[in-house]
Amino acid sequence: MHPTSATNTIDRLEGQGLVVRRPNPQDGRGKLAEITARGREVVSQATEDLMGAEFGLGGFDPAQREQVFDLFRGLRVAAGDFVAAPAPAG
């Protein structure tokens, strides 16, 4: 994400009371965004809504949904979002 885009996004989130800016303890020149209690509530509600809507994938059969999730899992592992589970020993 371009720094200007990140700043604009944080500005909007801060304006809605979903994050606050805090000084970066590692670098006094920078700021970090910290989620607020209201921000956590919004995330929780959005998660419930997405789960209830099956992430918009309700039109796919279970095998198709599994394919989509596998594709996105690979992208997220490659991006470092989480570590893939080790393959079962066998």
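Right above here is the structure, for reference.
Described in the following lines is the structure provided in the data block. Computed from a predicted structure; not experimentally measured.

Helix and strand counts for the chain come out as three helices and two strands. In the chain, the succession of helices and strands from N to C terminus is α-β-β-α-α. Within the chain, buried positions represent 10% of all 90 residues. Contacts in the chain between residues far apart in sequence, at least 24 positions, make up 2% of those at least 6 positions apart. Entry remark: accessible area of the chain is about 7400 Å², with carbon and sulfur atoms responsible for 58%. Of note, the chain has its 10 positive side-chain charges centred 8 Å away from the centre of its 12 negative side-chain charges.

What counts, and at which threshold
Starting from 1, residues in each chain are numbered consecutively following that chain's sequence as written. Where local features are concerned, this predicted model is filtered to residues with pLDDT of at least 70; where side-chain atom pairs are given and counted, the filter is 80 or more; whole-chain, interface and lining totals use all residues. Remark: hydrogens and water are excluded; side-chain values derive from all non-hydrogen atoms of the structure. Secondary structure follows DSSP: runs of H or I at least 4 residues long count as helices, runs of E at least 2 residues long count as strands, and numbering of each begins at the N terminus. Categorising residues by exposure relies on relative accessible area from a 1.4 Å probe, with only protein chains included: less than 20% of the type maximum marks a residue as buried, more than 50% marks it as exposed, and the intermediate range marks it as partly exposed. Throughout, a residue-residue contact means that at least one pair of heavy atoms, one from each residue, lies within 4.5 Å. The Shrake-Rupley method, run with a 1.4 Å probe sphere, supplies the accessible areas, and residue values consider only the shown protein chains as cover. In this tally, Lys and Arg are treated as positive and Asp and Glu as negative; His is ignored, and so are the chain termini. A single reference atom marks each charge: NZ on Lys, CZ on Arg, CG on Asp, CD on Glu.

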